[in-house]
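The chain contents come next:
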Amino acid sequence: MTHYSAVKPPQAADDWTIPQEWDRYGADEHAMWDHLFERQTRMLPGRVAPAFLEGLDILRLSKPGIPDFTELNIRLMDATGWQVVAVPGLVPDAVFFDHLANRRFVAGRFIRTPEQIDYLEEPDIFHDVFGHVPLLANPVFADYMQAYGRGGRRAGELGAIARLARLYWYTVEFGLIRGADGLQIYGAGIVSSFSESIFALDDPSPNRIAFDLGRVMRTLYRIDDFQQTYFVIDSFEDLLHQTIESDFAPLYRSLQGAPDIGPAAVLDSDRVDHRGTQHYAHSRTVPTKAPA
Ligand code: PHE
Ligand code: CO
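Residues numbered from 1 in each chain as written. Chains lettered and ligands numbered in written order. Predicted model: local features only at pLDDT ≥ 70, side-chain atom pairs only at ≥ 80, totals over all residues. Heavy atoms only, no water.

Trainee: Is there a simple way to explain the overall build of the chain in this structure?
Mentor: A tally of helices and strands in the chain yields 13 helices and seven strands. At 19 Å, the chain has a C-alpha radius of gyration in line with the 19 Å of a compact globule built from 292 residues. By principal-axis analysis of the C-alpha atoms, the chain measures approximately 55 × 40 × 40 Å. Across the 292 residues in the chain, those meeting the buried criterion constitute 52%. Intrachain contacts of the chain at a sequence separation of at least 6 include 71% that bridge at least 24 residues. (Helix = DSSP H or I, 4+ residues; strand = E, 2+ residues; numbered from the N terminus. Rg over C-alpha atoms; globule rule 2.2 N^0.38 Å. Buried < 20%, exposed > 50% of the residue type's maximum accessible area, 1.4 Å probe, protein only. Contact = heavy atoms within 4.5 Å.)

The structure is reproduced here in structure tokens:
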């Protein structure tokens with residue numbers, strides 16, 4: 001998670017927000033949303049945490065076309081007091097944390113082109129809104145996100161943003177959760193991706209390991225391909241309690257000098273749901289040194 005872009009574009013406000021300008025989307029852009037929406041919602045039932053589907057429902061995201069933030073925000077505000085605000089692209093960490101701490105989620109307003117349908121480098125409105133916003137209608141997850149924003153300010157002061165970013169990555173973006181009948185996805189990076197929604201749960205390649213806060217803070221992650229390890233939480237309540245009730249300052253201190261853990265590593269101390277074969281990752285890269 002680097003929400004960083006060197007200079008604020010001149011059209012953005014001091015907090016980096018811009019108007020969504022919903023009227024300016026073309027028919028092809030609305031059609032792209034509808035296509036992605038249909039593809040994901042057909043596949044997600046049974047795979048995604050029920051709270052995600054409830055969020056889609058509460059926010060009436062099934063309405064055709066790219067959501068108009070003004071309309072979406074009425075429902076979201078009503079559900080949990082959150083809002084979605086548009087930004088031109090990645091924003092500096094401090095700006096990102098400040099929005100979260102004030103229950104505002106920053107979202108890109110552009111939508112991917114047909115050439116980018118399965119891979120894009122910067123999050124678009126489909127990732128940001130379809131992927132992230134449904135869980136913001138869940139009161140527990142909504143509180144977690146706000147606490148994370150507050151924690152971001154502290155991490156900045158303590159020089160520990162990289163540690164906290166790993167927590168975001170392995171929960172908010174790529175988290176799995178234990179459901180009644182097995183593992184389910186909830187991370188926005190998975191939920192908004194057709195292929196990773198299948199890979200993260202069904203493929204023998206990646207590790208699936210029980211969430212452990214200190215362990216996650218030491219673990220490197222991949223930004224260029226499917227994850228090699230997913231961490232599994234027991235519930236959103238448990239995630240919120242574990243993070244909100246622990247003071248991260250001593251944790252950051254105790255991790256100082258601790259070696260990073262590779263994206264594919266499995267430790268003796270891990271509670272392993274599935275030990276990955278890593279065959280997918282190995283088929284994609286020519287190793288230059290022993291895999292971690
Ligand atoms: N408890 C964390 C701290 O002391 C704050 C935090 C809460 C961070 C929840 C992330 C998620 O900094
Ligand atoms: Co995201």
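Trainee: Honestly, the site of ligand 1 in this entry has me stumped. Any pointers?
Mentor: Close contacts around ligand 1 come from Tyr-144, Ala-147, Tyr-148, Gly-151, Arg-154, Leu-167, Thr-243, Ser-246, Asp-247 and Phe-248, and that covers them all. Thr-243 is positioned with one of its backbone polar atoms (N or O) 2.7 Å from a nitrogen atom of ligand 1. Within the contact set of ligand 1, a nitrogen atom lies 2.7 Å away from a backbone nitrogen or oxygen of Ser-246. In terms of residue count, the dominant contributor to the shell around ligand 1 is helix 6 (residues 139–157) (five residues). (Near = heavy atom within 4 Å. Polar contact = N/O pair within 3.5 Å; in protein donor to acceptor, adjacent residues only side chain to side chain.)

Trainee: What is the right way to look at the confidence of the model for the chain in this model?
Mentor: When pLDDT is low, close inspection of the predicted coordinates is not appropriate. Averaged over all residues, the pLDDT of the chain is 94; the fraction at 70 or higher stands at 95%. Helix 13 (residues 279–284) is the least confidently modelled element of the chain, averaging 95 in pLDDT, while strand 6 (residues 229–233) averages 99, the highest of any element. (pLDDT = per-residue confidence, 0-100.)

Trainee: Can you help me understand the pairing of strand 1 (residues 83–87) in this one?
Mentor: A regular strand carries its side chains on alternate faces of the sheet. Of all five residues in strand 1, four are buried, a share of seventy percent or more. Handedness of the crossover is the feature at issue here: the chain leaves strand 1, passes through helix 4 (residues 93–101), returns alongside strand 2 (residues 104–108), and the resulting connection is right-handed. (Right-handed = clockwise from strand over helix to strand, strands pointing away.)

Trainee: Is there a simple way to think about the packing of helix 6 against helix 7 (residues 161–173) in this case?
Mentor: Think of two packed helices as two axes; the pair is described by the angle between the axes and how far apart they sit. At their nearest, the axes of helix 6 and helix 7 sit 9 Å apart, and the two run at 160° to each other. On the basis of their axis angle, the class for helix 6 and helix 7 is roughly antiparallel. For helix 6 against helix 7, the interelement crossing comes out left-handed. In this structure, helix 6 uses Phe-141, Tyr-144, Met-145, Tyr-148, Gly-151, Gly-152, Ala-155 and Gly-156 to contact helix 7, whose residues at the interface are Ile-161, Leu-164, Ala-165, Leu-167, Tyr-168, Thr-171 and Val-172. Grouping the amino acids of the contact of helix 6 with helix 7 by side-chain chemistry returns eleven nonpolar, four polar and no charged. (Axes fitted to C-alpha atoms, helices over the stretch in contact; angles between N-to-C directions. Parallel < 35°, antiparallel > 145°, perpendicular 65-115°, else oblique. Left-handed = near helix turned anticlockwise from the far one by under 90°. Nonpolar A, V, L, I, M, F, W, Y, C, P; charged D, E, K, R; others polar.)

Trainee: Please explain the coordination of the cobalt ion (ligand 2) as it appears in this structure.
Mentor: Where a metal carries four tetrahedral donors, each ideal angle is 109.5 degrees; where it carries six octahedral donors, the ideal angles are 90 or 180 degrees. Within the protein, His-127 (NE2), His-132 (NE2), Glu-173 (OE) and Glu-173 (OE) serve as the donor atoms for the cobalt ion (ligand 2), at 2.0 to 2.7 Å. Taken together, the four donor atoms surrounding the cobalt ion (ligand 2) define angles of 52 to 137° at the centre, an arrangement classified as irregular. (Donors = N, O, S within 2.8 Å, 3.2 Å for Na, K, Ca; no water. Tetrahedral: all angles 85-135°; square planar, octahedral: opposite > 155°, others 65-115°.)

Trainee: Teacher, can you tell me more about the nonpolar core here?
Mentor: Across soluble globular proteins, nonpolar side chains have a tendency to be buried as a group. Ranked by internal contacts, the top residues of the largest apolar core, which has 84 residues, are Trp-33, Val-129, Phe-130, Met-145, Ile-185, Tyr-186 and Phe-236. Excluding anything up to four places from it in sequence, Met-145 contacts Trp-82, Leu-100, Phe-105, Leu-136, Tyr-168 and Val-172. (Core = buried A, V, L, I, M, F, W, Y, C linked by side-chain atoms within 4.5 Å.)

Trainee: Would you mind showing me how to read the sheet that holds strand 5 (residues 207–210) here?
Mentor: Adjacent strands of a sheet pair through backbone hydrogen bonds, lying either parallel or antiparallel. Strand order in the open sheet formed by five strands is 4-3-6-5-7, with mixed pairing between adjacent strands. The outermost strands of the open sheet, each flanked by one partner alone, are strand 4 (182–185) and strand 7 (272–274). On average, adjacent strands in this sheet sit at an angle of 35° to one another, irrespective of strand direction. Note that strand 5 and strand 7 share two bridges and pair antiparallel. Bridged to Ile-209 within strand 7 is Val-272. (Pairing = 2+ DSSP bridges.)

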